[in-house]
Amino acid sequence: MLRPVTDADGAPFWEYAAQGELRVQACAGCDEFRFPPRPCCPHCQSFESEWRPVSGRGRVWSYVVAHPPLLPDYAAQAPYNVVVVELDEAPRIRLVGNLVTGAGQPLGAFPPESIRIGARVRAVFHDGLPQWVPERS
Amino acid sequence: MAAGSGGLKDATALVGIGQTPFAKRLPEDERALACRAVLAALDDAGIAPGEVDALASYTMEETDEVELAKACGFGDLTFFSKVGFGGGGSCATVAHLAAAITAGQASVGVAWRSRKRGSGPRPWTNTSVQLPTPAQWTRPYGLLRPADEIAMLTRRYLHEYGATRDHLFNVALACRNRANQNPAAIMYDRPLTREMYMTSRWISEPLCLFDNCLETDGALACVVVSAERARDCRRRPVYVHSAAQSLPAQHHGMVNYWNDDPLTGPAWSAARHLWKHSDLAPEDVDVAQIYDAFTPLVLLSLEGYGFCGRGEGGAFTEGGALEIGGLLPVNTGGGGLSEAYVHGFNLINEGVRQLRGSSTAQVPGASACLVTAGEGVPTSALLLRS
Ligand SMILES: [Zn+2]
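Each chain carries its own residue numbering, running from 1 in the written order of its sequence. Key to labels: chains lettered from A, ligands numbered from 1, both in the order written. Where totals are concerned, whole chains, interfaces and linings use all residues; where local detail is concerned, this predicted model gives features only for residues with pLDDT of at least 70, and gives and counts side-chain atom pairs only at 80 or more. Water and hydrogen atoms were dropped before computing side-chain values, which therefore reflect all heavy atoms in the structure.

Chain B carries the name Lipid-transfer protein in an unreviewed UniProt entry, which gives Streptomyces hawaiiensis as its organism.

Chain A carries the name Nucleic acid-binding protein in an unreviewed UniProt entry, which gives Streptomyces hawaiiensis as its organism.

1. Description of the overall build of chain B
Where we set the bar: Here a helix means four or more residues in a row that DSSP labels H or I, a strand means two or more in a row labelled E, and each is numbered from the N terminus. Residue contacts follow a heavy-atom distance rule, with two residues in contact if any of their heavy atoms lie within 4.5 Å. Only the protein chains shown count as covering a residue, and every accessible area follows the Shrake-Rupley method with a 1.4 Å probe.
A tally of regular secondary structure across chain B gives 13 helices and 11 strands. Within chain B, counting contacts between residues at least 6 apart in sequence, those at least 24 apart form 78% of the total. Carbon together with sulfur atoms contributes 52% to the accessible area of chain B, which is approximately 13300 Å² in total.

2. Remarks on the coordination of the zinc ion
Residue and element names in this part refer to chain A. Filter applied, for reference: The donor set comprises N, O and S atoms within 2.8 Å of the metal, extended to 3.2 Å for Na, K and Ca; water molecules are omitted, so apparent gaps in a site may simply reflect that omission. Square planar and octahedral sites, with four and six donors, are those where opposite donors lie more than 155 degrees apart and all other angles lie between 65 and 115, tetrahedral sites have four donors with every angle between 85 and 135 degrees, and the rest are irregular. Whether a residue is buried, partly exposed or exposed follows from its accessible area with a 1.4 Å probe, protein chains only, as a fraction of its type maximum: under 20%, in between, or over 50%, in that order.
At this site the zinc ion is bound by Cys27 (SG), Cys30 (SG), Cys41 (SG) and Cys44 (SG), with donor distances of 2.3 Å. Geometry at the zinc ion is tetrahedral, judged from the four donor atoms that bind it and their angles of 99 to 117° at the metal. Motif for the zinc ion, donor spacing along one chain: C-x2-C-x10-C-x2-C. The exposure class of cysteine 27 is buried, given its relative accessible area of 0%. The exposure class of cysteine 30 is partly exposed, given its relative accessible area of 30%.

3. A few points about the interface of chain A and chain B
One frequent convention defines the size of an interface as the accessible area lost when the parts assemble. So the rule is basically this: Reported buried area values correspond to the accessible surface (1.4 Å probe) lost by two parts on association, with both partners' losses combined. Each reported salt bridge corresponds to a side-chain nitrogen of Lys or Arg within 4 Å of a carboxyl oxygen of Asp or Glu. For this analysis, a polar contact is any N or O atom pair within 3.5 Å, provided that within protein one partner can donate a hydrogen and the other can accept it, and provided that sequence-adjacent residues contribute only side-chain to side-chain pairs.
Between chain A and chain B, the residue contacts involve 39 residues of the former and 35 residues of the latter. A buried area of about 3500 Å², summed over both sides, lies between chain A and chain B, and 62% of it is on carbon and sulfur atoms. Linking chain A to chain B there are one salt bridge. The interface formed by chain A and chain B contains 21 residue pairs in polar contact (both at pLDDT 80 or more). At the level of elements, helix 1 (11-18), strand 3 (57-66), strand 4 (80-87), strand 5 (94-97) and strand 7 (129-134) of chain A are the ones that each hand at least two residues to the side of chain A that touches chain B.

4. Notes on the domain arrangement of chain A
Residue and element names in this part refer to chain A. The line we're drawing: Domain limits in this description derive from either an automatic procedure or a database domain assignment.
With domains assigned, chain A is organised as domain 1 (10-53) and domain 2 (57-134). Distance between the C-alpha centres of domain 1 and domain 2: 22 Å. Counting residues at the interface gives 12 residues for domain 1, matched by 13 residues for domain 2. When the buried area of domain 1 at its contact with domain 2 is split by residue, Leu22, Phe33 and Phe35 rank highest and sum to 46% of it. Counting across the domain 1 and domain 2 interface gives one salt bridge. Note that glutamate 32 is salt-bridged to arginine 92, the shortest N-O span being 3.6 Å. With four residues, helix 1 is the single largest residue contributor to the side of domain 1 that touches domain 2.

5. Comments concerning helix 1 of chain A
Given 3.6 residues to a turn, an α-helix orients residues that are three or four positions apart in the same direction. All names here are of chain A. Taken residue by residue, helix 1 has Ala11, Pro12, Phe13, Trp14 and Ala17 as its buried positions. Buried positions along helix 1 lie against strand 1 (23-27), strand 2 (49-53), strand 6 (120-126) and strand 7. Positioned one or two residues after helix 1, glycine 20 has a phi angle of 80°, which is positive.

6. Concerning the pattern of salt bridges
Counted under the stated rule, the structure contains 28 salt bridges over all chains. One salt bridge in this structure joins A:Glu21 and A:Arg23, with 2.7 Å as the shortest N-O distance. The salt bridge involving B:Asp166 is made with B:Arg194; its shortest N-O contact spans 2.7 Å. Placement of the pair is B:Asp166 in helix 6 (residues 165-179) and B:Arg194 in helix 7 (residues 194-199), with a sequence separation of 28 residues. For B:Arg194, a relative accessible area of 43% gives the class partly exposed. Beyond isolated ion pairs, a larger network of salt bridges with shared partners links A:Asp31, A:Glu50 and A:Arg52.

7. Observations concerning unusual backbone geometry
Backbone torsion omega between A:Phe35 and A:Pro36 reads -5°, so that peptide bond is classified as cis. Its location among the elements puts A:Pro36 in the loop between strand 1 and strand 2. Cis peptide bonds are those with omega within 30 degrees of zero, and the linkage from B:Glu205 to B:Pro206 qualifies with 10°. Here A:Asp31, not a glycine, exhibits a phi torsion of approximately 80°, which is positive. Within the secondary structure, A:Asp31 sits in the loop between strand 1 and strand 2.

8. Points about the pairing of strand 7 (residues 217-226) of chain B
Residues and elements named next belong to chain B. Worth spelling out the cut-off: For two strands to count as paired, DSSP must find a minimum of two bridges between them.
Strand 7 sits mainly inside the fold: nine of its 10 residues count as buried. Both strand 1 (residues 12-19) and strand 7 contribute to a ladder of seven bridges, which runs antiparallel. Looking at strand 7, one finds that isoleucine 17 is bridged to cysteine 222.

9. A look at the UniProt feature "domain: ChsH2 C-terminal OB-fold" (unreviewed entry) in chain A
Spelled out, the test is: UniProt positions are given in the numbering used here, feature names are shortened, and annotations may be inferred rather than shown by experiment.
In this numbering, the UniProt entry assigns the feature "domain: ChsH2 C-terminal OB-fold" (unreviewed entry) to residues 51-126 of chain A. Measuring from the first to the last C-alpha atom of residues 51-126 of chain A gives 20 Å, for a span that is 5% helix and 42% strand.

10. A closer look at the packing of aromatic side chains
Centre-to-centre distance and the angle between the planes together describe a pair of aromatic rings. Note the threshold: Whether two aromatic rings pair depends on their centres lying within 6.5 Å, for rings of Phe, Tyr and Trp, where Trp uses its six-membered ring; planes under 30 degrees apart make the pair stacked, over 60 edge-to-face, and the rest tilted. In this scheme, Lys NZ or Arg CZ marks a charge over a ring once it lies within 6 Å of the ring centre and within 35 degrees of the ring normal.
Under the definition given, this model contains 12 aromatic pairs over all chains. On the basis of an interplanar angle of 55° and a centroid distance of 6.4 Å, the ring pair of A:Trp61 and B:Tyr257 is categorised as tilted. Residue A:Trp61 is located in strand 3, and its partner B:Tyr257 is located in the loop between strand 8 (238-246) and helix 9 (266-276); the two belong to separate chains. The residues A:Trp61 and B:Tyr257 share a single accessibility class, namely buried. With a centroid separation of 5.0 Å and 75° between ring planes, the pair formed by B:Tyr157 and B:Tyr161 is classed as edge-to-face. Highlighted residues: B:Tyr157 and B:Tyr161, both in helix 5 (residues 146-161), separated by four residues, approximately one helical turn. For B:Arg155, the ring lying beneath its charged end belongs to A:Tyr63, and the centroid distance is 3.9 Å.

11. Some details on the nonpolar core
Using the following cut-off: Here the nonpolar core consists of buried residues drawn from Ala, Val, Leu, Ile, Met, Phe, Trp, Tyr and Cys, with membership extended through side-chain atoms lying within 4.5 Å.
Within the largest apolar cluster, 142 residues are counted, with the highest numbers of intra-cluster contacts made by A:Trp132, B:Leu14, B:Tyr257, B:Leu302, B:Tyr305, B:Leu370 and B:Leu384. Taken domain by domain, the makeup of this core includes at least three residues from each of domain 1 (10-53) and domain 2 (57-134) of chain A. Here B:Leu370 is in contact with B:Leu274, B:Val285, B:Val287, B:Ala288, B:Gln289, B:Tyr305, B:Phe307, B:Ala381, B:Leu382 and B:Leu383, once residues within four sequence places are set aside. The next biggest cluster of nonpolar side chains, apart from the first, holds 30 residues, and it includes B:Leu42, B:Ala45, B:Val52 and B:Ala221.

12. Observations regarding the packing of helix 6 of chain B against helix 10 (residues 295-304) of chain B
Residues and elements named next belong to chain B. Here is the rule: Here the axes come from fitting lines to C-alpha atoms, over the contacting stretch only for helices, and the angles between their N-to-C directions go from 0 to 180 degrees. We call two directions roughly parallel when the angle between them is under 35 degrees, roughly antiparallel when it is over 145, roughly perpendicular when it lies between 65 and 115, and oblique otherwise. Any residue that is not Ala, Val, Leu, Ile, Met, Phe, Trp, Tyr, Cys, Pro, Asp, Glu, Lys or Arg is counted as polar, Gly included; the first ten are nonpolar and the last four charged.
Running from N to C, helix 6 and helix 10 cross one another at 100°; their axes reach a closest spacing of 8 Å. With respect to helix 10, the axis of helix 6 lies roughly perpendicular. Contacts between helix 6 and helix 10 pair His167, Leu168, Val171 and Ala172 from the former with Thr295, Pro296, Val298 and Leu299 from the latter. Residue composition of the contact of helix 6 with helix 10, grouped by class: six nonpolar, two polar and no charged.

In structure tokens form, the structure reads like this:
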């Protein structure tokens, strides 16, 4: 499986994720969330930022079901879903992830036909990566 | 029109086009293919290689200017440029040459593209090289290929606007039907049916095999000179009426879902510039060559360039609108989906053929043609006229 190849701006996201925490970069000047992380704020040009905890609740914005040809580790689990989740606190922050039956379960285990745009999901963590499970209503 | 006073409008013209055969596998390397296409384009224009003083290509091009210039016997080069973002750069090569020639920096420009994607490596198969941004946010989750990235936008598009796979099929079919008329196309003798489309294997749902472009070996080139010089060339000039490049505000590349408004891609801002500097409007366009690495890009582009309203791209394709005789015939050589995928350069050459009246799927009396580059990345576009 591919590991995130981080850069200086993105590293804090992965450090928090490794501790089971979902945090998003926010501008310390004007309070705007931004993603992907970057050195300065496109709204107020401030270089001051903070990593703000979010609830890990969100909704499915879109999804795909990937089939081979794929890299071997991924082909072994295909077909599997990849989702984009928009966060409750900041709907314009959209994170790529996988909808799983539980943290660390195979990517292909979640039945693709039960995925719906708009479905509520919440973050779980496995091996330093945020993943998503359906939220019980 | 004197250089500088009227911008690019009709100040330059395409006077030569050339290409190699297209195939899944060609024996020659990319450099040799590039030389063949370039020399063919110069021969078509009736211009000697020693007169070339400007070059333009785009990133992911393996043949560099030094190699091409010495192999083909060019004169002193006074302008050369390489446009970023892969397939988004195709039309910008012509735009850069047009700008350089209009500004007096050069007089004979050649743009080219040589690729071996049919038999060579695909960038997304490389597991060791991952660009830190944005790949760290997508690749670990198995969003690996351009098809996956575009499929994500497509699913949302279908959901938001009620478009269907039949609309995507209409795009694939129009391209295939034109390729069936074009002996140079890889899919010349391979008709497509709705049943074949609907039962084909998935690549990344909602995109199936026929929503994806061909992997191709091949090279193409074209020659740009001033409108004044063009009058003395062998062929009827095809004027660069308007040209645009676009990297819109808060753009994120293939992963446009990080934008506030993910379904308005770079086509929208390219179109604003293109039409602003044009005497023409979308309804004046007789034929369009729209970048089609994936079928949904055509729907997004139809909206972005103003052929229909937002969210109406799917409905626009109904009733044979994209076919010959339809509202807007597209990709009349077969496009990236069915002629060849050479990062969109074949769309430029087909635009020239339409305005010369020499296409294998000629739109009668075509006098204005839109050509676009990769949608979903920083892009470019040309409005050509005869
Ligand atoms: Zn700010």
